[in-house]
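Residue strings, one per chain:
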Amino acid sequence: MTTTAPVTTTATTPASTSSTSGGDAMAQLSGNFSTFLTLLTTQLKNQDPLSPMDSNQFTQQLVEFSQVEQQINTNTNLQTLITQGQGQGSAVATSYLGKQVTITNGQAPLTDGTATWNYTLGTTAASTILTVTNANGQAVYTGAGETGAGSQTFTWNGKDNNGNQLPDGAYTLSATAKDQGGSAVTTSVSSTGTVNEIDMTGATPQLVIGPLKIGISQIADVQNASTN
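One structure accompanies this document, and this report is about it. For clarity, every value in this text was computed on a predicted model and none was experimentally measured.

In this section: the overall build of the chain. Each helix and strand counted, the chain has two helices and 13 strands in total. Relative to its full complement of 228 residues, the chain shows a buried share of 29%. Looking at the chain alone, contacts between residues at least 24 apart form 71% of all its contacts between residues at least 6 apart. Of the roughly 13,400 Å² of accessible surface on the chain, 49% is carried by carbon and sulfur atoms.

Looking now at the sheet that holds strand S9 (residues 187-194). Adjacent strands of a sheet pair through backbone hydrogen bonds, lying either parallel or antiparallel. Ordered by their spatial adjacency, five strands build an open sheet running S6-S3-S9-S1-S13, and the pairing between neighbours is antiparallel. Looking along the sheet, the strands with just one partner apiece sit at the ends: strand S6 (150-156) and strand S13 (219-224). Averaged over all pairs of adjacent strands, the angle between their axes in this sheet comes to 25°, without regard to strand direction.

Side chains of nonpolar character tend, in soluble globular proteins, to be buried together. By size, the foremost hydrophobic cluster in this structure holds 20 residues, and its most contacted members are Trp 117, Tyr 119, Val 132, Phe 154, Trp 156, Tyr 171 and Leu 173. Put simply, the parts of the chain that give this core at least two residues each are strand S2 (107-110), strand S3 (115-121), strand S4 (127-133), strand S5 (139-144), S6 and strand S7 (169-178). Contact partners of Tyr 119, with chain neighbours within four places excluded, come to Thr 128, Leu 130, Gly 145, Glu 146, Gly 150, Ser 151, Gln 152, Thr 153, Phe 154, Ala 175, Ser 188 and Val 189. If you look at the next biggest cluster of nonpolar residues, it comprises eleven residues, including Tyr 96, Ile 103, Ile 198 and Ile 219.

The backbone of Asp 112 shows a phi angle near 55°, a positive value even though the residue is not glycine. Note that Asp 112 resides in the loop between S2 and S3. The class for Asp 112 is exposed, based on a relative accessible area of 70%.

Right, let's get into the environment of Ser 191. Among the structural elements, Ser 191 can be located in strand S9. Spatially, the C-alpha atoms of Ser 191 and Ala 115 are 8.9 Å apart, while their sequence positions differ by 76 residues. Excluding residues within four positions of it along the chain, Ser 191 makes contact with Val 101, Thr 102, Ile 103, Gln 107, Ala 108, Thr 116 and Trp 117.

Our focus in this paragraph is the sheet that holds strand S11 (residues 206-209). Spatially, S10-S11-S12 is the arrangement adopted by the three strands of the open sheet, whose pairing is antiparallel. The sheet is open, and its two edges are formed by strand S10 (197-199) and strand S12 (212-214), each paired on a single side. With direction set aside, neighbouring strand axes in the sheet form an average angle of 30°. Strand direction decides the pairing type here: S11 and S12, joined by three bridges, are antiparallel. In the strand pairing of S12, Val 208 is matched with Lys 213.

Glancing now at the side chain of Thr 131. Mapped onto the secondary structure, Thr 131 falls in strand S4. Under the relative-accessibility criterion, Thr 131 is labelled buried at 18%. Setting aside residues up to four positions removed in sequence, Thr 131 forms contacts with Ala 139, Tyr 141, Thr 142, Thr 172, Leu 173 and Ser 174.

The rules behind each value
- Residues numbered from 1 in each chain as written.
- Predicted model: local features only at pLDDT ≥ 70, side-chain atom pairs only at ≥ 80, totals over all residues.
- Heavy atoms only, no water.
- Helix = DSSP H or I, 4+ residues; strand = E, 2+ residues; numbered from the N terminus.
- Buried < 20%, exposed > 50% of the residue type's maximum accessible area, 1.4 Å probe, protein only.
- Contact = heavy atoms within 4.5 Å.
- Areas by Shrake-Rupley, 256 points an atom, 1.4 Å probe, with all protein chains shown as cover.
- Pairing = 2+ DSSP bridges.
- Axes fitted to C-alpha atoms, helices over the stretch in contact; angles between N-to-C directions.
- Core = buried A, V, L, I, M, F, W, Y, C linked by side-chain atoms within 4.5 Å.

It is worth stressing that arrangement in space is one thing and function is another; only the former is reported here.
And the structure:
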């Protein structure tokens, strides 16, 4: 009577890569399982009746195959949920088209040499410094701002402190204010613009306002754009 070695086929989880789908992983698992059953059947046919094989090993391997199958199904279901979430995010972003939005991260688009921000001082200040930075974080303009408490408006002509006209693009305004005692005054900066495009080329949709791209999380208010 021929004695065969114990079955050693292992249920392994296929490596996760961008090109490996749940269907590919399941197909690989099925192939491994078929090989396992073939080896097991051969071993059972050729085992010594007086010294039967220990069933614990192949029982454990059956459990492993079941666990791997469950993991593949879980990964597939998770990917489905992610895809559905991305689709819903795109649908939400599309609803912003043509809307006037308020941006709270300090950015504003410089379009045709003009950019406008609103900034708010918590209390009356002794001095206020306005600083405009470009997309690289470099300060391109610094000037004095209003000192009265409440909302103020700053319209920038796109020129740096040397009088050079800067190109249209995304710029950021920061307001730094101090009171008579030199203590910092609370400030906030916002801007408004009309969404004219949705960029869906990245992982999350981006709202396009002229040369500026922002995420939905940076929007504080949405209104119908003025028709005037």
